[in-house]
Amino acid sequence: MPLNEEEQRILEEIESQFYEEEVAQTSEEPLLYSSRAALTIPTAFLVAGILVVLVFFTSHLLVALAGFVVMVIAATFLVQGLRVRTKLQWKGVQGGSDTKANGFGTWPR
């Protein structure tokens, strides 16, 4: 059964409001941690900090301490990035093949 003009107008208004809400909702989400580089850089600093600690632990204790500080900061950024990334995937913001059609995301790879 086709819609009359009034019903068609109401349907178009609802669709436009839904679209505006969807755009506003997705633009509010931080996409800082959605890229692969946002997780690769802290991982590289974490590995570098571990290497500095292992190399300089016996000879230069202050350099090893600086490496430990870099390692802790990098681990903090890495954990925070994984938490935000997982939260965004479960909300379905990531898109693509990482999220299921029902809105529930999959575990990050």
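Data block above holds the structure.
Since the structure is predicted, the reported quantities are computational estimates derived from the model, not experimental observations.

## Observations regarding the overall build of the chain
Move 1: For the chain, the count of helices and strands is three helices and zero strands.
Move 2: Listed N to C, the secondary structure of the chain is α-α-α in terms of helices and strands.
Move 3: The 109 residues of the chain split such that 20% are buried.
Move 4: Long-range pairs, those at least 24 residues apart, make up 44% of the contacts in the chain between residues at least 6 apart in sequence.
Move 5: In the form shown here, the chain has an accessible surface area of approximately 8,500 Å², with 67% of it arising from carbon and sulfur atoms.

## Observations regarding the pattern of salt bridges
Move 1: For the structure shown, the criterion picks out two salt bridges.
Move 2: Glu-6 serves as the salt-bridge partner of Arg-9, at 2.5 Å between the closest nitrogen and oxygen. Of this pair, Arg-9 and Glu-6 both sit in helix α1 (residues 5-28), three residues apart, which is roughly one turn of the helix.
Move 3: Taking the shortest distance from any N to any O, the salt bridge between Arg-9 and Glu-13 comes out at 2.4 Å. In this pair, Arg-9 and Glu-13 are both assigned in helix α1, four residues apart and thus about one turn of the helix distant.
Move 4: Using a relative accessible area of 37% as the deciding quantity, one classes Glu-13 as partly exposed.
Move 5: Each of the salt bridges in this network shares a partner with another, and the network as a whole consists of Glu-6, Arg-9 and Glu-13.

## So, the environment of Ala-64
Move 1: With respect to the helices, strands and loops of the structure, Ala-64 is situated in helix α3 (residues 61-91).
Move 2: The exposure class of Ala-64 is buried, given its relative accessible area of 4%.
Move 3: Each C-alpha atom, one on Ala-64 and one on Leu-54, is 7.5 Å from the other, the two residues being 10 residues apart in sequence.
Move 4: In this structure Ala-64 touches Val-52, Val-53, Phe-56 and Phe-57, once residues within four positions along its chain are discounted.

## Brief notes about the environment of Met-71
Move 1: Note that Met-71 resides in helix α3.
Move 2: Residue classification places Met-71 among the buried residues on the basis of a relative accessible area of 17%.
Move 3: Considering only alpha carbons, one finds Met-71 and Gly-49, 22 residues apart in sequence, at a separation of 4.5 Å.
Move 4: Those residues in contact with Met-71 that lie beyond four places of it in its chain are Leu-46, Gly-49 and Ile-50.

## Focus: the nonpolar core
Move 1: Listed in full, the five residues of the largest apolar core are Leu-39, Leu-46, Met-71, Ala-74 and Leu-78.
Move 2: If you list the elements that add at least two residues to this core, you get α2 (37-56) and α3.
Move 3: Broken down by element, this core gets its largest block of residues, three residues, from α3.
Move 4: Ignoring sequence-local partners within four residues, the contact set of Leu-46 consists of Met-71, Ala-74, Ala-75 and Leu-78.

About the cut-offs
- Residues numbered from 1 in each chain as written.
- Predicted model: local features only at pLDDT ≥ 70, side-chain atom pairs only at ≥ 80, totals over all residues.
- Heavy atoms only, no water.
- Helix = DSSP H or I, 4+ residues; strand = E, 2+ residues; numbered from the N terminus.
- Buried < 20%, exposed > 50% of the residue type's maximum accessible area, 1.4 Å probe, protein only.
- Contact = heavy atoms within 4.5 Å.
- Areas by Shrake-Rupley, 256 points an atom, 1.4 Å probe, with all protein chains shown as cover.
- Salt bridge = Lys/Arg side-chain N within 4 Å of Asp/Glu carboxyl O.
- Core = buried A, V, L, I, M, F, W, Y, C linked by side-chain atoms within 4.5 Å.

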